[in-house]
Amino acid sequence: MTDEIDLPTAQIAKFVYEMGFLKQVKRSGWSLVGITDSETVAEHSFRTALIGLILACEEGADVARTALLCLLHDSQESRTGDIASVGRPYVTTTHNVDVTADQTVGFPQNIASTLRELVEEYEAGETLEAKLAHEADKLECVYQAREYQTQRAADTSQWIRTCSERITSGAGRRLLRAAINLPPASWWQQFQESYNRSGKSIHGRRGATDGDPST
């Protein structure tokens, strides 16, 4: 393409590329329990936003705003990286609000102010939506910890214990109990059992797969 691109649009495009980089930034804390190929920041943020949406529905909060707070809560790590808790006492980084301000330089004012206000709200942690977004962050960590327990035999009990202490809402505590008591594979095992009993797929009669839900 040879068309000239105006500066605000160019800055937004660069930001979109920057957020794509989060798909490569690994969550570093898991390396402490031997997870060498951990989830990325982008993967963590996606499920955090989904959990935040669910918590907001159950707690009467603004659903869209809670999900947006979750979506952006680690967006600054494209520049700072993910620093494991064991290293944070020794490392000084720019505040996330200031990182977001730098990331949105040159944006149209309405877009820049929206992104900055969301990050400021999350960091302040005072609104119901921000509190639920913080809980969603911890809950996602618990669910990931449970997956690493079963998939890689990692001892993530300390992660689960520490994160659990930060979850106080009724909806959050219910999801926490479910995470601890239900195995990660339960979502597809339920489908498999139902499939085998009925001899049918969810879309109709069994075909050539002969009851194998993996095909």
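One can find the structure itself at the top, above this paragraph.
Residues numbered from 1 in each chain as written. Predicted model: local features only at pLDDT ≥ 70, side-chain atom pairs only at ≥ 80, totals over all residues. Heavy atoms only, no water.

Enquirer: I'd like a description of the overall build of the protein chain, backed by residues and values.
Expert: Per the secondary structure count, the protein chain includes 10 helices and two strands. Along its sequence from the N terminus, the protein chain presents helices and strands in the succession α-α-α-α-α-α-α-α-α-α-β-β. Seen through its C-alpha atoms, the protein chain measures out along the principal axes to roughly 60 × 50 × 40 Å. Scored against the burial criterion, the 215 residues of the protein chain give a buried share of 37%. Of all intrachain contacts in the protein chain linking residues separated by at least 6 positions in sequence, the fraction that spans at least 24 positions is 62%. A total of about 12800 Å² of accessible surface is found on the protein chain, and carbon and sulfur atoms cover 53% of it. Where the 22 positive side-chain charges of the protein chain centre and where its 30 negative ones centre are 8 Å apart. (Helix = DSSP H or I, 4+ residues; strand = E, 2+ residues; numbered from the N terminus. Buried < 20%, exposed > 50% of the residue type's maximum accessible area, 1.4 Å probe, protein only. Contact = heavy atoms within 4.5 Å. Areas by Shrake-Rupley, 256 points an atom, 1.4 Å probe, with all protein chains shown as cover. Lys, Arg positive; Asp, Glu negative; His and termini not counted. Charge placed at Lys NZ, Arg CZ, Asp CG, Glu CD.)

Enquirer: Residue-level account of the pattern of salt bridges, with values.
Expert: With the rule as written, the count across this model stands at eight salt bridges. Between R79 and E18 there is a salt bridge, with its nearest N and O atoms 2.8 Å apart. Note that R79 is positioned in helix α4 (residues 77-80) and E18 in helix α1 (residues 7-21), a separation of 61 residues in sequence. A relative accessible area of 46% places R79 in the partly exposed class. The residue K26 makes a salt bridge to D37 at a minimum N-O spacing of 3.0 Å. Within this pair, whereas K26 is found in the loop between α1 and α2 (41-59), its partner D37 is found in the loop between α1 and α2, the two being separated by 11 residues in sequence. Under the relative-accessibility criterion, D37 is labelled partly exposed at 43%. (Salt bridge = Lys/Arg side-chain N within 4 Å of Asp/Glu carboxyl O.)

Enquirer: Residue-level account of the side chain of S78, with values.
Expert: Mapped onto the elements of the fold, S78 is located in helix α4. Note on S78: relative accessible area 12%, which makes it buried. Side chain to side chain, S78 and E18 meet in a polar contact 2.6 Å long. If sequence neighbours within four positions are ignored, S78 has contacts with E18, M19, F21, L22 and Q103. (Polar contact = N/O pair within 3.5 Å; in protein donor to acceptor, adjacent residues only side chain to side chain.)

Enquirer: Give a detailed account of the nonpolar core, specifying residues and quantitative values.
Expert: Core analysis: the biggest nonpolar cluster contains 38 residues, and W30, L55, L69, L139 and V142 have the highest contact counts within it. For this core, the elements supplying multiple residues, two or more each, are α1, α2, α3 (63-72), α6 (109-124), α7 (128-152), α8 (157-164) and α9 (170-181). Counting residues per element, this core draws most heavily on α7, which supplies nine residues. Once you skip the residues sitting within four places of it in the chain, L139 turns out to touch I51, L55, I167, G172, L175 and L176. (Core = buried A, V, L, I, M, F, W, Y, C linked by side-chain atoms within 4.5 Å.)

Enquirer: Which residues make up α1, and what are the values?
Expert: Counted at 1.5 Å a residue, the expected span for α1 with its 15 residues is 21 Å, and the 21 Å between its end C-alpha atoms agrees. Along α1, the residues that are buried comprise Q11, F15, E18 and M19. On an axial view of α1, the arc spanned by its buried residues comes to 95°, and they lie on one face. Turned more than 90 degrees away from the buried face of α1, the exposed residues are V16 and Y17. Each element contacted by the buried residues of α1 is listed here: α4, α5 (96-103) and α6. (Expected span 1.5 Å × (residues − 1). Arc of directions from axis to C-beta.)

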